[in-house]
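Chain by chain, the residues:
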Amino acid sequence: MKKTFKFKLIDWLLILLMILPLVCGMALRVLTKPVSEGISITGVMIFKEFKLPFQNLLISEANVNSWLVLVSLTALALYMTHGMREGVKCRRHLAAEWVVETTDKLVRSNMGEYFKQFSPFICAIIGYSAFSSLSSLIGLFPPTSDFSTVFGWALLVFILITYYKLKGGVGNYVKGYFEPIPFFAPLNVIGELATPISMSFRHYGNILSGSVISALIASALGGLSRSVFGSIAESVPFLQMGLPAVLSVYFDVFSGCLQAFIFAMLTMLNISGGFPKELYEKRKEKKELRRSGKTAA
Amino acid sequence: MELAMGIILGCCALGAGIAMIAGIGPGIGEGQAVAKACEAIGRQPEAKSEVTSTMIMGCAIAETTGIYALVIAILLIFVAPGIFAGVLKSVIGG
C-alpha cells in the first residue's frame, strides 16, 4: 500500500496529539510548582475552586493530569488503528489486535460468556490506570496517587456490581443481606460497602507509598552526599544519581502496572462473582413464560 | 502550650511506628505464598507462567493490609500533626 500525503499528515497529527498533552502537563508543573527545600510531601495541588451549594468543586492537578492522560491515550488508540483494514499488515495494527485479543481472552476466562461485552471497559481501566501511574516517570503528578481519582473508579465498579446483583430480583438482593442468619445483616452491609473502599485504598496506597518512599530516599541521599563531599555537593548531590532511578523501576513501573492489572482483575471477579446466574435465568424463563401466555391469551 | 505540642508530635510519631507493626503480617504471608509457589514450580515446571501470575496476584492482595498501615503511618506523620495542632489552638485559644 502506498502511503498518501493525507495519511501521513493524519499520522503526524495523531503523534503530536499524543505527545503534546504530556508536554503541556510538564510545562504546567514547572510553572505552578512552588520552589521548596528538602522533602516536600504534600497532597494534590489545587488550581481553582468553584463555589457550589453543598460542596466546593475543586479543579486539582490530578483532574487536569488525568484528562491529559485521557487525551494522550485516545490519540494512541487512534494512531494504532489508523488505516486498519483487511489485508493490510502493519506493526501497529498487529499490536492493537494483540491488545484486543488479550483482553477478550482475559475477560472470557475470568467472567464467562455472559459478560463478554465487558472487554472494552476492562481494557480502558487497565490502560487508564497504568498510564496514569506511569505518568510519574516524566515528572507529572500521577493522578492515581490522589484518592479521589481512584475512589471514583471504585464507585463506578460498585454501581456495576450492584446493578448486576439486582438482575436476580430486588427481593433476592435484599434477602442476600439476611443470610445465613438475619443477625448478620449489619455485617453484610459493611462487607458490601467495604469493597470499593478496599479496592481504591489498595491502588492509591501502593502508588502513594512508592512516591513517598522515593522522595524520602532521594532527600536522604542528598543529605548524605552533602555530609560526605562537603561544599562541592551543595550544587551537585552526587549520591542522588543512580539509586533512585533503580528504585523507580520497582515503585513506578512494576507497581503501577501490577496495580492496574489487579484493579481490573478485582473488577472482573467482583462483578461476575456477585451476579446470581441461576436466579437470573430462572427469572428470565418466568418472564418469557408470562409473555408467551399473554400473547396466547 | 509547648508541652501539649510536644505530646502531639511525639504521639503522632509513636502511632506511626506502632501502625507499621502491621508490616509483619504481609511479610510472613507473602513469604509463605512465594515458598509454596516455588514448590509448585519445582513439582510442575511446565505450569511456571500460570503459577507465577497467580502468585503475583495473591501477593499483591496480601500486601493490602501492609499498605493500609503504611497509609495510616504516612497520614500520621505528614498530615495529622497539623490538624491536631489546629484543634489544640482553637481549644486553648492561643
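That block above? That's the structure.
Residues numbered from 1 in each chain as written. Chains lettered and ligands numbered in written order. Predicted model: local features only at pLDDT ≥ 70, side-chain atom pairs only at ≥ 80, totals over all residues. Heavy atoms only, no water.

Participant: Lay out the packing of aromatic side chains in plain terms, naming residues and giving numbers.
Facilitator: All names here are of chain A. Applying the stated rule across the entire model yields 22 aromatic pairs over all chains. Ring centres 5.2 Å apart and planes at 75° place the aromatic pair Tyr-250 and Phe-251 in the edge-to-face group. Overall, Tyr-250 belongs to the partly exposed group, its relative accessible area being 41%. Assessed through its relative accessible area of 16%, Phe-251 is described here as buried. One aromatic cluster is present, built from ring pairs that chain together Tyr-114, Phe-115, Phe-118, Phe-121, Tyr-163, Tyr-164, Phe-275 and Tyr-280. Lying across the ring of Tyr-79, Arg-92 places its NZ or CZ 4.5 Å from the centre. (Phe/Tyr/Trp six-rings, centres within 6.5 Å; stacked < 30°, edge-to-face > 60°. Buried < 20%, exposed > 50% of the residue type's maximum accessible area, 1.4 Å probe, protein only. Lys NZ or Arg CZ within 6 Å of the ring centre and 35° of its normal.)

Participant: Kindly report on helix H8 (residues 243-274) of chain A, identifying the contributing residues and their values.
Facilitator: Three- or four-residue spacings in an α-helix give side chains the same orientation, since the helix completes a turn every 3.6 residues. Taking 1.5 Å as the rise per residue, H8 of chain A with 32 residues should run 46 Å; its terminal C-alpha atoms sit 45 Å apart, in good agreement. Of all the bends in H8 of chain A, the greatest, near 30°, is centred on Ser-255 of chain A. (Helix = DSSP H or I, 4+ residues; strand = E, 2+ residues; numbered from the N terminus. Expected span 1.5 Å × (residues − 1). Bend = angle between axes of the 7 residues up to and from the residue.)

Participant: Pulling in residues and values, what's your account of the pairing of strand E1 (residues 46-50) of chain A?
Facilitator: All names here are of chain A. As paired strands, E1 and strand E2 (residues 57-60) are joined by four bridges and run antiparallel to one another. The partner of Ile-46 across the bridge, within E2, is Ser-60. Linkage of E1 to E2, two consecutive antiparallel strands, is achieved through a turn of six residues. (Pairing = 2+ DSSP bridges.)

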